Amino acid sequence: MNWLRRLIPSIGTLKSKSKVPDGLWSSCKKCDSVLYVPELEKSLYVCPKCDYHFRIGARKRLEIFLDNNSYKEISPNLTTKDPLKFKDLKHYSSRIKEAEANTGEKEAIIIVEGNLDSINVVVAAFEFRFLGGSMGSVVGEKFVQGINAAIKNRKPFICFATSGGARMQESMVALMQMAKTSAAIQRLKKEKLPYICVLVDPIFGGVSASIAMLGDINIAEPHASSGFTGRRVIEQTVRIELPDNFQTSEYLLNNGAIDMIVHRKDLRSKITGILKKIHKN
């Protein structure tokens, strides 16, 4: 077998000689294309082959949306408590600590003041990696404080919503945030300040039934999934077969649930154009 070893190096040797840095390549979940990460970043994390919109974190979202990646965070130090001492397979407090460690965030939403093409705005961005972007008491409170800042300073409010819904570990406290945030949005509208919501894949549950669908203008990224509950639950409940594109942005647009679908590269210019028409600084 000596001749074979001379022709074929050991697997261990091949691995040790590899000089390709980790994280340099990524694959598209839709078309399986292998993509060069620096080029993917330039395309705002949209596949150049099939136009699939990759999921991106809240900080990255703010970075590509606001002028010069510059903003001031509102209520950054609010943290979640565990009033019910909830435990499933793990304690709720343990899940919060894990989410903080994995994301570097203190909660599932970030609220900031910044500029969009020199227009002063308040922006909310959900972080789906933090417990599925679920809405609990702190998410609701931060959102309301963002609304308060928008009203005080006469600024439009923009929300990038992606979530699995209300946070079950907080029970009725979480469900109450639907009413709390909805009431805050109505106060914003009474002040004649714009509220624009962008639906980002995925967006479900209590957030889709409150924050996400109450915009003066409701926008969605292409092929984003949105609904109150999942497709399989609906099919099993009503005993009918749903369309293949059910709960996608395209389905929602065709059925009048949203106003428009906007490609990620066009979001800045589209929302800027809307604000220049409906808001006076």
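Keep in mind the model is a prediction, meaning the values are calculated, not measured. Here, residues in each chain are numbered from 1, in the same order as that chain's written sequence. It should be noted that, the model being predicted, local features are given only for residues of pLDDT at least 70 and side-chain atom pairs only at 80 or more, the latter also being counted only at that level, while totals for whole chains, interfaces and linings use all residues. Values shown for side chains rest on all heavy atoms present in the structure; no hydrogens or waters enter the calculation.

A. Structural context of empty space enclosed by the protein. Lining residues are defined by having an atom within 4 Å of a point belonging to a cavity or pocket. Those points lie on a 1 Å grid over the protein atoms alone, cavities being sets where a 1.4 Å probe fits but cannot get out and pockets being open sets with protein on both sides within 12 Å along at least five of seven lines. Grid points are joined across faces, edges and corners, and a volume is the space filled by probe spheres set on the points. Applying the stated criterion to the full structure yields one cavity of 30 Å³ or more. Here the largest cavity defines a volume of roughly 40 Å³. Looking at the largest cavity, the residues that line it are I56, G57, A58, R61, A125, F126, F160, T162 and V200. Runs of E in the DSSP output that reach at least two residues are strands. Runs of H or I that reach at least four are helices, and both are numbered from the N terminus. Put simply, the parts of the chain that give the lining of the largest cavity at least two residues each are helix 4 (58-65), strand 5 (119-126) and strand 6 (157-163). Gly falls in the polar group here, along with every residue not listed as nonpolar (Ala, Val, Leu, Ile, Met, Phe, Trp, Tyr, Cys, Pro) or charged (Asp, Glu, Lys, Arg). Counted by class, the lining of the largest cavity contains six nonpolar, two polar and one charged residues.

B. Structural view of the environment of I219. Tracing the backbone shows I219 in strand 8 (residues 217-220). For each residue, the accessible area found with a 1.4 Å probe, counting protein chains only, is set against the maximum for its type, and the residue is called buried under 20%, exposed over 50%, and partly exposed in between. Here I219 falls in the buried class, since its relative accessible area comes to 0%. We call two residues in contact when some of their heavy atoms are within 4.5 Å. Excluding residues that lie within four positions of it along the chain, I219 makes contacts with I196, C197, V198, L199, M260, V262, L267, I271 and I274.

C. Spatial organisation of unusual backbone geometry. For the peptide bond that leads from D201 to P202, omega is -10°, which places it in the cis range. In this fold, P202 is placed in strand 7 (residues 195-204). Even without glycine at this site, K192 takes up a positive phi of about 60°. Residue position: K192 is located in the loop between helix 7 (171-190) and strand 7. At Q247, a position not held by glycine, the phi torsion is positive, near 70°. Mapped onto the elements of the fold, Q247 is located in the loop between helix 9 (231-238) and helix 10 (249-254).

What is shown is where atoms sit, not what they do.
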